[in-house]
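# Notes for the structure review
Read off the chains here:
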Amino acid sequence: MAITGIKGFNDILPGEVEKWQYIEATARRVFELYGLSEIRIPILEKTELFCRSIGDATDIVEKEMYSFVDKGENKVTMRPEGTASVMRAYVEHKMHAVDPVARLYYMGPMFRYERPQKGRYRQFHQIGAEITGVAAPSVDAQVLTMLTHFFNELGLTEPSLQINSLGCPCCRPLYRDALKKFLLDRIDSLCEDCKRRYESNPLRALDCKSAGCQEATKGAPSMLDYLCGECSAHFDQTRKYLELAGTPYAINKRMVRGLDYYTRTTFEMVTTLLGAQSAVAAGGRYDGLIAEIGGPQIPGIGFAMGVERVALLLAEKEFSRRPDLFIAAMGEDAHAEAFRLMSALQRGGAAVEIDYEGKSLKSQMRRADKFNSRFTLIIGGDELSRGTAPLKDMDGGTQSEVPLDAESIRAGMNGIYSVPSETIIIE
RNA sequence: GUGGAUAUGGUGAAGCGGUUAACACAAACGACUGUGACUCGUUCAUACGUGGGUUCGAUCCCCACUAUCCACCCCA
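Residues numbered from 1 in each chain as written. Chains lettered and ligands numbered in written order. Predicted model: local features only at pLDDT ≥ 70, side-chain atom pairs only at ≥ 80, totals over all residues. Heavy atoms only, no water.

### Section: the packing of helix 7 (residues 172-185) against helix 8 (residues 192-200)
In plain terms, the rule: Every axis corresponds to a line fitted to the C-alpha atoms, with the helix fit spanning only the stretch in contact, and the corresponding angles, defined between N-to-C directions, vary from 0 to 180 degrees. Put simply, DSSP H or I for four residues or longer makes a helix, DSSP E for two residues or longer makes a strand, and each gets a number counted from the N terminus. With the far helix as reference, a near helix turned anticlockwise by less than a right angle produces a left-handed crossing, and one turned clockwise produces a right-handed crossing. Pairs of residues are marked as contacts when any of their non-hydrogen atoms sit within 4.5 Å. When residue character is reported, Ala, Val, Leu, Ile, Met, Phe, Trp, Tyr, Cys and Pro are called nonpolar, Asp, Glu, Lys and Arg charged, and the others, Gly included, polar.
Closest axis-to-axis distance for the helix 7/helix 8 pair is 11 Å, and the angle between their directions is 145 degrees. Along this stretch, helix 7 crosses helix 8, giving a crossing that reads as left-handed. For the pair helix 7 and helix 8, the contacting residues are R176, K180, K181, L183 and L184 in the first and Y198, E199 and S200 in the second. Looking at the contact of helix 7 with helix 8 residue by residue, the class counts come to three nonpolar, one polar and four charged.

Here it is as structure tokens:
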């Protein structure tokens with residue numbers, strides 16, 4: 001039995017990987033428009049970092065982390081998310097001393113030990129962004145606008161933006177108490193999970209999928225009605241700036257976040273196309289996180305999106321590359337000439353293919369067609385002695401005679417095509 | 001961790017107790033006498049997830065295991 005990969009750890013093969021490259025390139029391009037820089041952070045961190053930031057009692061920390069003890073007896077964990085690491089790096093390198101405002105993005109694998117299903121894997125990939133040092137609501141709107149921009153740039157209008165506010169340490173406890181009081185009267189109609197969570201996380205009942213909980217929480221008080229003056233103003237201002245930016249959104253009063261560090265603005269990009277995994281991207285403000293991991297009291301806001309889920313939304317689109325030229329050769333001398341020309345053209349920036357095994361012209365033409373090559377150059381004994389060869393435009397079917405040197409061939413191709421090589425085609 | 005479904009070639013799959021394990025796509029080669037896409041021909045699973053069992057006989061029935069998928073929990 002051949003060795004197989006690990007459950008929930010997937011290979012991304014050619015044919016699929018072009019889509020990933022497209023998503024990543026689009027993220028880089030859009031995020032950099034908004035002044036962000038990439039940061040690369042390690043995959044392994046001290047376990048304590050995630051306990052402190054995400055929260056000891058969350059499911060991620062309680063049962064989903066890939067943690068182990070290394071050879072130096074250190075407790076380490078393969079990162080389950082990116083924000084904690086980015087903020088650790090921010091504090092560790094004292095980036096706040098140079099400028100408290102840091103605008104960062106990252107992309108890479110994350111690890112959570114969960115049962116795999118559609119859009120959820122044990123090694124999955126996130127593209128995330130974080131902005132520190134600005135408490136103003138216009139930054140919230142900016143981040144949301146950038147995220148929306150990104151999806152629009154991919155040609156996706158399906159995931160829609162939902163926002164909510166979770167308040168701050170001064171108003172959330174009041175709301176929590178009010179909600180508990182409300183739920184107490186209907187506790188019998190809640191599902192078992194929500195009963196169990198009644199003390200630890202009563203807010204969860206709000207977005208529970210069970211019919212009983214949906215019904216029981218119908219007239220429940222809303223966090224938005226309990227926001228303190230500052231949080232309420234922050235939320236209103238965020239909405240105002242979203243409108244100024246022309247960014248569409250909906251308020252979802254029942255949206256709850258799973259990580260402990262969120263405050264005030266929280267949001268999700270949701271879709272109905274991915275089964276149970278409705279959140280394609282999610283994030284929020286985390287004004288207490290940097291202090292929590294030992295840094296100064298500096299606010300932050302950010303999000304992460306699941307690349308697998310974005311790729312699933314792009315499932316209909318075909319991504320492929322096509323070579324500029326295929327050189328078909330007959331006979332050993334012609335093959336040598338084809339090889340020489342290929343090398344010269346590749347050095348000049350063209351994507352070129354040849355046949356390596358001396359197959360028939362028919363076979364080589366089929367291969368050129370299979371590769372979807374733009375042009376095919378056909379070289380045989382006659383061409384070698386003549387010094388020119390037919391260059392066929394594979395799309396139009398027309399042929400022209402070009403001298404056998406890299407410059408002339410390039411000129412022959414550029415005469416018809418001006419598209420740069422190595423472009424990714426989206427159909 | 002829990003529940004359900006499914007496991008036949010590179011892919012999509014038919015077959016449901018005895019068959020040369022269909023068909024299609026992909027792939028390779030060839031024909032149309034140095035030029036692809038159309039057409040045609042040839043080749044392509046001692047093999048039906050793994051291990052047991054029932055049977056004269058099992059891809060088809062039973063059991064176990066494993067894997068995958070989907071859902072729950074939770075989350076990107």
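### Details of the pattern of salt bridges
What counts is decided by this rule: Only one rule defines a salt bridge in this text: a Lys or Arg side-chain nitrogen within 4 Å of an Asp or Glu carboxyl oxygen. Relative accessible area decides the class of each residue, using a 1.4 Å probe on protein chains only: under 20% of the type maximum gives buried, over 50% gives exposed, and in between gives partly exposed.
If you walk through the whole model with that rule in mind, you get 21 salt bridges. The salt bridge involving R40 is made with E38; its shortest N-O contact spans 3.1 Å. Using a relative accessible area of 69% as the deciding quantity, one classes R40 as exposed. For E38, a relative accessible area of 27% translates into the label partly exposed. Each of the salt bridges in this network shares a partner with another, and the network as a whole consists of R28, E38 and R40.

### Some words on the sheet that holds strand 13 (residues 325-329)
Stated precisely, the cut-off is as follows: Strand pairing requires that DSSP identify at least two bridges connecting the strands.
Taken together, the five strands give an open sheet; going across it, the order is 14-13-15-16-17, and neighbouring strands pair in mixed fashion. One side of each edge strand has no neighbouring strand; the edge strands of this open sheet are strand 14 (352-354) and strand 17 (399-403). Going across the sheet, the axis of each strand differs from the next one's by a mean of 25 degrees, ignoring polarity. Of the pairings in the sheet, the one linking strand 15 (residues 375-379) to strand 16 (residues 388-393) comprises three bridges and is antiparallel in character. From the neighbouring strand, T376 faces strand 16, where its bridge partner is K392.

### Some thoughts on the nonpolar core
Condition: Working definition of a nonpolar core: buried Ala, Val, Leu, Ile, Met, Phe, Trp, Tyr and Cys residues. They are joined through side-chain atoms within 4.5 Å.
In this structure, F31, F150, F151, F267, F303, M305 and V310 are the most contacted members of the largest nonpolar core, which totals 64 residues. For this core, the element with the highest residue contribution is helix 6 (residues 137-153), accounting for eight residues. With sequence-adjacent residues up to four places away left out, F303 is seen in contact with F31, Y106, I127, G128, A129, E130, V143, M146, L147, F267, A282 and G283. With 29 residues, the next largest nonpolar core counts L104, L166, Y286 and A304 among its residues.

### With respect to helix 1 (residues 17-33)
Stated precisely, the cut-off is as follows: Any helix carries an expected span of 1.5 Å times its number of residues minus one.
The end-to-end C-alpha separation of helix 1 is 24 Å, in line with the 24 Å expected for 17 residues at 1.5 Å each. Within helix 1, burial applies to E18, K19, W20, Y22, I23, T26, A27, V30 and F31. Positive phi appears at G35, one or two residues downstream of helix 1, with a value of about 85 degrees.

### Quick word on the sheet that holds strand 3 (residues 66-69)
The strands making up a sheet associate through backbone hydrogen bonding, with each pair oriented either parallel or antiparallel. Ordered in space as 2-4-3, the three strands form an open sheet in which the pairing is antiparallel. Each end of this open sheet is capped by a strand with a single partner; those strands are strand 2 (44-46) and strand 3. Across the sheet, the axes of successive neighbouring strands diverge by a mean angle of 35 degrees, strand direction being ignored. The pairing of strand 2 with strand 4 (residues 75-78) spans three bridges and is antiparallel. Within the sheet, the bridge partner assigned to L44 lies in strand 4 and is M78. Of the strands in this sheet, strand 2, strand 3 and strand 4 are in contact with helix 2 (residues 47-54), which crosses strand 2 at around 75 degrees.

Geometric values such as these leave the question of function open.
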